[in-house]
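This is what each chain is made of:
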Amino acid sequence: MTMTFPATAAPLAPATDAHALTGKRRIAFASYVDENYLPGFLVLLRSLALSNPGVCEDFVVLYDDLRPGSIAQIRALHPRIVLHRVNDAHYDSYKKGDQDNYLVRKAYFILDVFRLREYDTVITLDTDMVVLGDLGELLRLREGLAAVSQFFYGQHKLNSGLLVIQREYLSDAFCAKLDATGRSGDYELDKHDQGILNAVLDGDFVRLDPRYNFVKRRLSGDLPVPDDTAILHFTGRHKPWQGGEAGYSQAEARWREFDLSDADFHAAYLAGQGGLHHDLLVHYGTPHVARTADVDVARKVAAAHISAGDYQDAVDVLSSVRIPLDEAWPHEVYGHALMSVSRYDEAKTQLLLATAAPNRAATAYARLAQMAWVHGDNNEALTYATAGMAVDPTHRSSRLWAQRAAAVPAQEPGAAEDQLAHVAFYMDRQGNAGDKLLPQSVRSAFGPDTTSRRWHSVHAHRLFDEAALQRVNRRRGLVIGGGGLFIPDTMPNGNSAWQWNVPDELLNRIDVPIAVFAVGFNAFDGQSYRANRFRESLRQLVEQSSFFGLRNHGSIEKVRAMIPAHLHDKVRFQPCPTTVTRQLVPGWRDPVKRDDTILINAAYDRAGLRFGHDYGYFLDQMARAVRDLGELAEVRCVAHSLDDEKIVFDLRREHGISLPVIPMYDFENDQITDLYARTKLVIGMRGHAGMIPFGCGTPIISLISHPKMAYFLRDIERPEWGVSVHDRHLAARLVERSGELLADHDATVADVHGRQQELWKVTEANAADLRVILGG
């Protein structure tokens, strides 16, 4: 089947559900809650947050009779509550006992958890439990249905309360088994077990250590709670909030540790020094700051907002408190927030105040250097960066800004009327190799001369001011392109809320043709654009542009969803020019012989969004894959940036595997394409660790941790060339697919060339339009 790509729209729009594309596991906790057990559930929520301060997954509340006030109390304790009303009709035909017995009702209603379809893993917790320890092991479980065996009745039955349920059990097929058993009445249902579930499983479940469901009865005689207990379960009729039971005072004392007022609970959580989850920190910190005006907590909340790209929220929380002059850290965070929304003068004041403290001065000076550079003042930027290095000679950010301020490229002589202005992210030395190649690659799509004789560089991250506007308007056109510029947090600004720091008023005054070329929508799974500022700037850019081309159909669908319908037809497909490198490089020759190598790339920016709770699993699977791939060819790590080398250190430390490292971040552009053209296979996690080798004619397998990887593979109709980093059989799939691609390497390369030719047809068709728009 021949693949064709119209220049304007995709024939079939791909799914743009980030979760579906990345395979990232969605995890939730779940409990059945009623008014009688509400006090226990509130303590459970507090104990979960205090014992696992870095964990914040959805919490599904199964209920049938909660009052609005009770729901408000629950929501106040957790930012990701999902309400799910249970359905009595599911159980009307069951042969059941005393329906007035709460334990019997709960045993039926908790079965509703198996009807959830939004999650890959669900962890049930009883409302008479209290969490005392780390639940990381449960969050990392990936297969089966896990529970603790009953303490009193042997290993055959699971104990009620804690279940770790994986996707295959959250299915219609398994629910049908539960329903059939419920209607048959062939089970025992009492206060000691989940009779229907035990009857269906018949002992076939993953056994967990008893510390994850440590029943109170094991402490009879007022025994102390063992130190390694992760979850203490107050089984039996007498609950701690109902007065408790004689002989369990030490156990009930542990429960009462979490029976706190909201104010005390907030203070206890916020006293933590590290590892606090962003959502919990904001949820508890915001009312705490409003109540107390605590400057240190305001600083923590603001930093959490900044880490999530919520810059205006960070400004708001710090502007609500009075920061003492000698409190350097809040001033520094406030300055960071203000510069991120382009309130530069106010930011400078805050950052200068922060330089007074030696422990914050280097960071403050680096941010001052960044602001000066953004405004085009290299001398001031160098002065501030040098001051940062004087305070701390090892401060990497200060050193990078010093290098950037000192590196002023010489402009080749060229007539302005013969030049195109080019807005792009121009990467520094030792920066991301893909981003380093991109500006040249974009230019090569417009002609063989990619130098400043024909191009006028406009760094996207520098403030586009009156002088920059005049320089652009003297050129014959403006090209915007070179990477995933539609991302909110790489270099935040309040003028556009994407990477080009352009105010609306100046964008409106550009009077030469604008061509947006192969830009990508780069939001991660779990990352979003929350500000209307981005939507407004995006709409204006589409309206102003004579050509608006995005590098994959996933980005097209995302952008169309954010602009008015009458602008949709302006958004067209323009593949990233790196994917057609063989067509663009003058005199390109495919290698006569390739190196007998497989290059592996892993990425670690925004690692939490990439891996979730699965990094240990990913590393284990990569260790297995590397061992087996070594039977096919020599395996090497190719690092697009310094951080990409982490996989080598981790494999050596955790699995005793050593890999040679290719520091591509030190390569010139020609070296990048030459290396990728000569290898046999690239297994890459970065977008351009797939697109660049593909453009050089080299087979690829994408390690998918970002939707854009799947977007590209859908566009070339080879989704099988991608494997999610969360895949249950990651190692086996990588080895199997590598073997298939290498078995008849010539045929695989020919397939790559064929896929590339279709992208080239689109690029040629767009080029014809661009020649009319831009001239020449």
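What you are looking at is a predicted structure, and each value in this text was computed from that prediction instead of being measured.

Caption draft 1: Representation of the sheet that holds strand S20 (residues 661-663) in the model. Pairing is parallel across the open sheet formed by 6 strands, whose spatial order is S20-S19-S18-S21-S22-S23. Edge positions in the sheet fall to S20 and strand S23 (722-724), since each has one partner strand and no second. Here the strands of the sheet are splayed against their neighbours by 25° on average, with no regard to which way each runs. Of the pairings in the sheet, the one linking strand S19 (residues 634-639) to S20 comprises 3 bridges and is parallel in character. When the bridges of S20 are listed, alanine 639 appears paired with proline 663. Lying over the sheet, helix H29 (residues 707-715) contacts strand S21 (681-684), strand S22 (700-704) and S23, oriented at roughly 145° with respect to S22.

Caption draft 2: Region of interest: unusual backbone geometry. Of note, aspartate 202 is a non-glycine position whose phi angle comes to about 50°, a positive value. Relative to the assigned elements, aspartate 202 resides in the loop between helix H7 (195-201) and strand S8 (206-207). By relative accessible area, which is 53% here, aspartate 202 ends up exposed. Phi at aspartate 222 takes a positive value of approximately 60°, unusual for a residue other than glycine. Here aspartate 222 lies in the loop between strand S9 (214-215) and strand S10 (231-233). Judged by its relative accessible area of 28%, aspartate 222 is partly exposed.

Caption draft 3: The arrangement of the pattern of salt bridges in detail. The full count for this structure, using the stated rule, is 46 salt bridges. Of the charged contacts, one joins aspartate 172 and arginine 117 as a salt bridge, the two residues approaching to 2.8 Å between their closest N and O atoms. Taken as a pair, aspartate 172 in helix H6 (residues 172-184) and arginine 117 in the loop between helix H4 (102-109) and strand S4 (121-124) lie far apart in primary sequence, 55 residues in all. Residue aspartate 172 is classed as exposed on the basis of its relative accessible area of 59%. Classification of arginine 117 by relative accessible area gives partly exposed; the value is 31%. The partner of aspartate 751 in a salt bridge is arginine 718, and the shortest N-O contact between them spans 2.9 Å. Here the residue aspartate 751 occupies a position in helix H31 (residues 745-774), and arginine 718 occupies one in the loop between H29 and S23, the gap between them amounting to 33 residues. Taken together, the salt bridges that share partners define one network made up of Asp605, Arg606, Arg610, Asp644 and Arg686.

Caption draft 4: Representation of the nonpolar core in the model. Counting 121 residues, the largest nonpolar core has Phe486, Trp500 and Phe618 as the members making the most contacts within it. For this core, the element with the highest residue contribution is helix H25 (residues 615-629), accounting for 9 residues. Beyond its immediate chain neighbours, meaning those up to four positions away, tryptophan 500 contacts Val423, Val458, Ala460, Phe464, Leu478, Ile480, Asn493, Leu507 and Ile510. Of all hydrophobic cores here, the second largest spans 87 residues; its members include Ala49, Met129, Ala146 and Leu162.

Caption draft 5: The arrangement of helix H30 (residues 730-743) in detail. Taking 1.5 Å per residue, 14 residues should reach 20 Å; H30 reaches 20 Å between its end C-alpha atoms and fits that length. Those residues of H30 that fall on the buried side of the exposure criterion are Leu730, Ala731, Leu734, Ser738, Leu741 and Leu742. Viewed along the axis of H30, the buried residues span an arc of 105°, placing them on a single side of the element. Of the surrounding secondary structure, the elements contacted by the buried residues of H30 are strand S18 (597-601), H25, S21, S22, S23 and H31.

Caption draft 6: Region of the structure containing the pairing of strand S1 (residues 27-32). The buried fraction of S1 is high, at 6 of 6 residues. Of the two faces of S1, the one carrying Ile27, Phe29 and Ser31 and the one carrying Ala28, Ala30 and Tyr32 are both buried. Relative to S4, S1 runs parallel, the two sharing 4 bridges. Each residue of the ladder has a partner; that of alanine 30, found in S4, is threonine 124. Pairing between S1 and strand S2 (residues 58-63): 5 bridges, direction parallel. Following the sheet pairing, alanine 28 is matched in S2 by aspartate 58. The handedness of the S1 to S2 crossover, carried by helix H2 (residues 38-51), is right-handed.

Quick notes on the rules
- Residues numbered from 1 in each chain as written.
- Predicted model: local features only at pLDDT ≥ 70, side-chain atom pairs only at ≥ 80, totals over all residues.
- Heavy atoms only, no water.
- Pairing = 2+ DSSP bridges.
- Helix = DSSP H or I, 4+ residues; strand = E, 2+ residues; numbered from the N terminus.
- Axes fitted to C-alpha atoms, helices over the stretch in contact; angles between N-to-C directions.
- Contact = heavy atoms within 4.5 Å.
- Buried < 20%, exposed > 50% of the residue type's maximum accessible area, 1.4 Å probe, protein only.
- Salt bridge = Lys/Arg side-chain N within 4 Å of Asp/Glu carboxyl O.
- Core = buried A, V, L, I, M, F, W, Y, C linked by side-chain atoms within 4.5 Å.
- Expected span 1.5 Å × (residues − 1).
- Arc of directions from axis to C-beta.
- Right-handed = clockwise from strand over helix to strand, strands pointing away.

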